[in-house]
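Understanding the architecture of this molecule
The chain contents come next:
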Amino acid sequence: MDHQGHGLALDHAIFRTPNAVTFPGVETPPQQNHAGAKSVLYPNGVGATFTLVAFEKDAPKDDWNPTLVNHEGFFTDVPGFESLAEGHSAKCLGSLSLARQGKWFYWGYSTDPERLTDPAQATLVNVIHYMRDKRAARTVEFANVTRQIFTVYLDLHKESGYLRGIEEHMPNQLVPETLATYTDHTPAGAAAWLAKHQPYLFTGKGPQHKSERYKQRFELDNDALTLGTPTHLRPSLERWLALAAAAPSEDRERALRCLQRYVHPEITPTNGDWSAWYLQQKDRLAFIESTGFWWQLDPRGLEREAAGK
Amino acid sequence: MTRSAPLAYSLAAALAAALLSAGLSAQSSSPTLTVKGMPADAPLTVTASHDSSTLRITADLKAGWHLYGRDVGGGQPVAVTITGGVFAAAGELTTPMDKQGLITGKAVLTLPLRRTSEGDTLAATVAFMVCDALQCLPPIELEVRTVATSAPAPSGPFRVLLVAVDDGERTQRIAAFLLARGLTPTVTTYALVTSELCDANEVVLADSPTFNQVRGKKINARAFPKTQSPVVATGFLGTQVLEANKVTMACGYI
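Thresholds applied
- Residues numbered from 1 in each chain as written.
- Chains lettered and ligands numbered in written order.
- Predicted model: local features only at pLDDT ≥ 70, side-chain atom pairs only at ≥ 80, totals over all residues.
- Heavy atoms only, no water.
- Helix = DSSP H or I, 4+ residues; strand = E, 2+ residues; numbered from the N terminus.
- Buried < 20%, exposed > 50% of the residue type's maximum accessible area, 1.4 Å probe, protein only.
- Contact = heavy atoms within 4.5 Å.
- Areas by Shrake-Rupley, 256 points an atom, 1.4 Å probe, with all protein chains shown as cover.
- Buried area = accessible area lost by both parts, 1.4 Å probe.
- Salt bridge = Lys/Arg side-chain N within 4 Å of Asp/Glu carboxyl O.
- Polar contact = N/O pair within 3.5 Å; in protein donor to acceptor, adjacent residues only side chain to side chain.
- Nonpolar A, V, L, I, M, F, W, Y, C, P; charged D, E, K, R; others polar.
- Pairing = 2+ DSSP bridges.
- Domains from an automatic or database assignment.
- Arc of directions from axis to C-beta.
- Phe/Tyr/Trp six-rings, centres within 6.5 Å; stacked < 30°, edge-to-face > 60°.
- Lys NZ or Arg CZ within 6 Å of the ring centre and 35° of its normal.

Some remarks on the overall build of chain B
Within chain B one finds 5 helices and 15 strands. Sorting the 254 residues of chain B into buried and exposed places 48% on the buried side. Of the contacts formed within chain B by residues at least 6 apart in sequence, a portion of 70% connects residues at least 24 apart. For chain B, the accessible area works out to roughly 11700 Å², and carbon and sulfur atoms hold 54% of it.

As for the interface of chain A and chain B
Where the parts come together, the accessible area they lose is often given as the size of the interface. Tallying the contact residues gives 53 residues for chain A and 61 residues for chain B. Of the roughly 5300 Å² buried between chain A and chain B, counting both surfaces, carbon and sulfur atoms make up 61%. Of all residues in chain A, Trp104, Arg132 and Arg135 of chain A bury the most surface against chain B, accounting for 16% of the area lost on that side. Counting the contacts that link chain A with chain B gives 5 salt bridges. The salt bridge partner of Arg132 of chain A is Glu202 of chain B, with a shortest N-O separation of 2.7 Å. Counting every contact that joins chain A to chain B gives 18 residue pairs in polar contact (both at pLDDT 80 or more). Elements with a minimum of two residues in the side of chain A that touches chain B: strand E4 (68–69), strand E7 (104–107), helix H1 (118–132) and helix H10 (299–308) of chain A. A total of 8 residues in the side of chain A that touches chain B trace back to one element, the largest contributor, which is H1 of chain A. Here the residues of the side of chain A that touches chain B sort into 24 nonpolar, 13 polar and 16 charged. Relative to strand E15 (residues 231–234) of chain B, E7 of chain A is paired through 4 bridges, and the arrangement is parallel.

Quick notes on the domain arrangement of chain A
All names here are of chain A. We note that the domain assignment places domain 1 (4–134) and domain 2 (142–220) within chain A. For domain 1 and domain 2, the distance between their C-alpha centroids amounts to 29 Å. Between domain 1 and domain 2, the residue contacts involve 7 residues of the former and 8 residues of the latter. One can count 0 salt bridges joining domain 1 with domain 2. The interface formed by domain 1 and domain 2 contains 0 residue pairs in polar contact (both at pLDDT 80 or more).

A closer look at helix H9 (residues 274–281) of chain A
All names here are of chain A. Turning to H9, its buried residues number three or more, namely Trp274, Trp277, Tyr278 and Gln281. An end-on view of H9 places all buried positions within 95 degrees of arc, on one side of the element. Summarising the geometry of H9, the exposed residues directed more than 90 degrees from the buried face are Leu279 and Gln280. The inward-facing, buried residues of H9 contact helix H7 (234–244), helix H8 (250–262), strand E12 (285–288) and strand E13 (294–297). For H9, the N-terminal cap is Asp273; the gap from its side-chain oxygen to the backbone nitrogen of Ser275 is 3.3 Å.

Digging into the pattern of salt bridges
All names here are of chain A. Under the defined criterion, the tally for this structure stands at 24 salt bridges over all chains. Arg147 is the partner of Glu289 in a salt bridge, and the nearest nitrogen-oxygen pair spans 3.2 Å. In this pair, Glu289 is assigned in the loop between E12 and E13 and Arg147 in the loop between H1 and helix H2 (148–160), connecting sequence segments 142 residues apart. For Glu289, a relative accessible area of 13% corresponds to the buried category.

Observations regarding the packing of aromatic side chains
Throughout the structure, instances matching the rule amount to 19 aromatic pairs over all chains. Look at Trp64 of chain A and Phe211 of chain B: their rings are 4.8 Å apart centre to centre, the planes differ by 25 degrees, and that puts the pair in the stacked class. With one member in each of two chains, Trp64 of chain A in the loop between strand E3 (50–54) and E4 and Phe211 of chain B in helix H4 (residues 211–214) form a pair that bridges those chains. A residue is classified by how much of its surface remains accessible, and Trp64 of chain A, at 30% relative accessible area, is partly exposed. Through a chain of ring-to-ring contacts, three or more aromatic side chains come together here, namely Phe150, Tyr153, Phe202, Phe218, Trp240, Tyr262, Phe287, Phe293 and Trp295 of chain A. Between Lys205 of chain A and the ring centre of Trp294 of chain A, over which it is positioned, the NZ or CZ distance is 3.2 Å.

Focus on unusual backbone geometry
For residues other than glycine, phi is negative in most cases, and the peptide bonds are mostly trans. In this chain, Thr17 of chain A is followed by Pro18 of chain A through a cis amide linkage whose omega measures 0 degrees. Considering the arrangement of structural elements, one finds Pro18 of chain A in the loop between strand E1 (4–6) and strand E2 (25–28). Of note, the phi angle at Phe293 of chain A is positive, near 60 degrees, even though the residue is not glycine. Here Phe293 of chain A shows up in the loop between E12 and E13. According to the relative accessible area criterion, Phe293 of chain A is buried, its value standing at 0%. Of note, the phi angle at Lys246 of chain B is positive, near 60 degrees, even though the residue is not glycine. Relative to the assigned elements, Lys246 of chain B resides in the segment after helix H5 (235–244).

Right, here's the structure in full:
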């Protein structure tokens, strides 16, 4: 990206305290790759114009600033992740220049006061103040891309006719058994396959999901698919728990495998009493794909509990 | 891996006199809240405080008495409503209750906040019924409000560790900028930074020139030490620091 940002979360503390920050902005037509795109900071898309503001006085000469790219679902599904500004980037929406997860804040611009605009200087000071309270914040470790990556391949084709994602990247990111079910490598075929299977894809569970070139390979969870329980949904977890407490059946076995597969081993019940476990943990759980597709303790709740002690 | 002792030095002594008077900083504080409306004979005490992100209600109940954390068909569960000030609720009230939905002993209830305008004032009501095994007392509604006094003065220097590529002119300029804003910077380099040095500061600012300015230089930002302190990771080297700490993934940036 260059020296600019947009989509600022202006009601956030980093723009308000201790320094109230006002960024002069320039209304700018959307980029071609903004068409139809949405992001955390643009849940309804960019619209007719978007407001560009300058963090640095001019663009880096023959150089660039990095952004954190989240439109491929890499790491922002962590509860409490804060997307606070996007960078002015050739990439489509979702390239973050200001963001926080746990006790880590990313500032995508210079920190050199010679380069920073006045409002950016004030914002940087605010960021430091904001982070002062984050020593106890819980950071969760990134493990794998999310299954949103496949949606990106569909979107890229819609935007530009790009087919390589559907024809090459997608097949190479599936384990052989799952790849066998993905036979129609056309845009329509990919869309139909994902419509049926995407909520049941998972990765991050073992060496079978590793790929040297693509880092992660995804597997179709036939247990969850048969039960009709998308792995990220709370009702699915509760269905698995209900089956686990029911009489022996094939569905019960499927549910037990799902519980073992998706409930983080750090919090599984040691006595096998899933009902009692859920009563205790119900309000503390969140499903996170990017940590390895786990139902795990919500880092926001852990922070609150730590603060209350 | 053993590291050499940090070549850390504080710029405070050199620059404080000249720059502190120009400081723009106002440290964040945790305003005290008054709690009014508790009946004198109630079997509990309630105190409250908040910061920029959370309202904390601390209830301390006498033995045998409880509040309700959720609706269990008994007494009225605890409800917290923001009624004024510069904050709004940003989520649901979290109540530390047992399996039966009861809150007993000393418990901290938390409500996420988001700031809606400048300042630190907050007003809220806390409504509940307190019960024992035999009875519930009449509903109680407490008024929680910011103490009408100025925020406490900063209790000490706000220590920021500036981790830079070197201690050259750019680094000195950034350190002077921090000092002028009321922060107390200590400067070190990526080559010398240690966990102990990071942990001794309240915030770590990991600086980075642009990509082409660091390309080809041996700056091992990926070896950034583990730390308990919050870190503001900046620019290209910042992405390497984040990746090394598994906050993001490699290639997750451009």
